[in-house]
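Listed here are the chains, written in short residue letters.
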Amino acid sequence: MADQAGAFDGRQERGAVEGGDAVQGADGVGVARPSSVSAVISAVSRSRAVRDCAVTPDDYAALLAAREAGALSTRVRSLISALGLTSAAQVEELLDAMADWRHGCDPWLSVWGVKFGLDGGLEAGATEEPYACDHTFAGTLTWEPDALVEAVEAVVRRGWRVGTHAYGDRAVRVLLDVYERVLERHPGLPAGTLVMEHGGLAGPEQRARAVALGIPVTLQQPLLHDTAEVELGFWGPERVARLFPARGWLDQGALVAAGSDFPVGRFGAMRSVWGMTTRQTVIGVQGPEHAISYDEAVALHTTQAARLLGEEHLRGSLTPGRLADLTIWDRDPVHCPADALRDLDPTHTLIGGRPVTAAPAGTR
């Protein structure tokens, strides 16, 4: 999820709004290999910062090389992928490989923490009730809860943060059980150490529990938009309409940040804002009661994203003392018709007050 920065501070000069977007790997489907890192950098080049949620050690080495070569035009906060691991011992090996990155202070590139996956994605999210297409199947949990507790503890003991993919409502419930046990054993963990990625089918009771535990959540509306038809076949209309309930999360007081789940969901901050305000998908509007306002949606990609990253003192709003990271648009997004907002891309991006990219001719 990306430059999610934090609470939108309001509009700046006409045509200049701070915004970003999050990049996430395809949880349970695949992650970018080193050969595709350049493609990812290109895709996010008009964002100010990204929180990339499925980075292998080799991917991160490629990002370090890109940074060294001056080819990185976006601030990157990486979650090193533990997807596919099944034991605390394997996670300890991964953490050993990450040791040299622990104290990096490069404002452009750093490791945010470790990414776990607790259930499948579109085709195998762990649900409380069976799938609509197969009444004998309710998705797949990829970790035994006790083993995941040990693995998460291994990460936090070394001072890293944790983001865990939990898509179906059963996975959300199990993840909250795991996080609660970790918090009981480590009561001094800094706020925001444990994050829920997606929380797709989180109901009111689960949302309230996450808020009580201090667990932030990341939402990816472009994922719902692009995959709603596929999900309809797996889960049926009622559950698809309940996915990514932004209105409920905000009303219940959660720290929420938003992104794309790129490359599964299409990349673009305003496309995500448009989706969160309209709940529009490829099969029409789904769950309109979960829509939020424009200002709220922008906040999830700016000030709230910065809070999630622990960088609200540096980024997220255009105020004295913060980094001059901003995007510039050729029209005011606040007054764009819905369809125009969906396809709106920035014309320029400035990082630290210096232009790093301009939109290619004909794309504005």
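Every value quoted in this text rests on a predicted model; they were computed, and no experiment measured them.

Visitor: In this structure, what is going on with the packing of aromatic side chains? I would like to understand it.
Guide: By convention here, two paired aromatic rings are described through the distance between centres and the angle between planes. If you walk through the whole model with that rule in mind, you get seven aromatic pairs. Where Tyr131 meets Phe137, the ring centres are 4.9 Å apart and the plane angle is 65°; that geometry is what we call edge-to-face. Residues Tyr167 and Phe244 carry aromatic rings whose centres are separated by 6.0 Å and whose planes lie at 65° to one another, so their mutual orientation is edge-to-face. In this pair, Tyr167 sits in the loop between strand 5 (161-166) and helix 5 (169-185) while Phe244 sits in the loop between helix 8 (237-242) and helix 9 (246-251), placing the two residues 77 residues apart along the sequence. Judged by relative accessible area, Phe244 falls into the buried class, the value being 1%. An aromatic cluster of at least three residues, connected via ring pairs, comprises Tyr131, Phe137, Tyr167, Phe234, Trp235 and Phe244. Its guanidinium or amino end placed over the ring of Trp112, Arg51 lies 4.3 Å from that ring's centre, counting from NZ or CZ. Here the guanidinium or amino end of Arg342 rests over the ring plane of Trp274, the centre of that ring lying 5.5 Å away.

Visitor: I keep staring at the pattern of salt bridges and nothing clicks. Help me out?
Guide: Between side chains of opposite charge, pairing is possible as soon as their charged atoms come close. Applying the stated criterion to the full structure yields 19 salt bridges. Close ionic contact of Glu128 with Arg173 constitutes a salt bridge, the shortest N to O distance being 2.6 Å. Of the two residues, Glu128 sits in the loop between strand 4 (109-117) and helix 4 (145-157) while Arg173 sits in helix 5, which places them 45 residues apart along the sequence. Judged by its relative accessible area of 33%, Arg173 is partly exposed. One salt bridge connects Asp251 with Arg247, and the closest N-O pair in it is separated by 3.0 Å. Taken together, the residues span about one helical turn, with Asp251 and Arg247 both in helix 9 at a distance of four residues. Asp251 sits in the exposed class, given a relative accessible area of 56%. In the salt-bridge network here, residues are joined through shared partners; they are Glu92, Asp96, Arg157 and Arg158.

Visitor: When you look at the sheet that holds strand 2 (residues 49-55) in this model, what are you seeing that I'm missing?
Guide: The pairing of strands in a sheet comes from backbone hydrogen bonds and takes either a parallel or an antiparallel form. Overall, parallel pairing links the seven strands, which are arranged 2-3-4-5-6-7-8 in an open sheet. Looking at the sheet topology across the chains shown, the edges are occupied by strand 2 and strand 8 (256-258). Strand-to-strand twist of the sheet, defined as the mean angle between neighbouring strand axes without regard to direction, takes the value 30°. Note: strand 2 against strand 3 (residues 75-81), five bridges, orientation parallel. Each bridged residue has a counterpart across the sheet, and for Val55 the counterpart in strand 3 is Ile80. Relative to strand 4, helix 3 (residues 88-98) is tilted by about 175°, and along the sheet it contacts strand 3 and strand 4.

Each value, and the rule that gives it
Throughout this description, residue numbers start from 1 for each chain and increase along the sequence as written. The predicted origin of the model limits local features to residues at a pLDDT of at least 70 and limits the giving and counting of side-chain atom pairs to 80 or more, whereas totals for whole chains, interfaces and linings rest on all residues. Working from all heavy atoms in the structure, the side-chain values ignore hydrogens and water. Ring pairs are drawn from Phe, Tyr and Trp, using the six-membered ring of Trp, whenever the two centres fall within 6.5 Å, and their geometry is named by plane angle: stacked under 30 degrees, edge-to-face over 60, tilted for the rest. Segments assigned H or I by DSSP are reported as helices when at least four residues long, segments assigned E as strands when at least two residues long, and all are numbered from the N terminus. A 1.4 Å probe rolled over the protein chains alone gives each residue an accessible area, and that area as a share of the maximum for its type sets the label: buried under 20%, exposed over 50%, partly exposed in between. The criterion for a charge sitting over a ring is simple: Lys NZ or Arg CZ within 6 Å of the ring centre, and within 35 degrees of the ring normal. A side-chain nitrogen of Lys or Arg and a carboxyl oxygen of Asp or Glu constitute a salt bridge if their distance falls within 4 Å. At least two DSSP bridges between two strands are required for those strands to pair. Angles run from 0 to 180 degrees between N-to-C directions of axes, and those axes are lines fitted to C-alpha atoms, restricted for helices to the stretch in contact. Contacts: residue pairs with any heavy atoms within 4.5 Å of one another.

The values reported here are purely geometric and, on their own, carry no functional implication.
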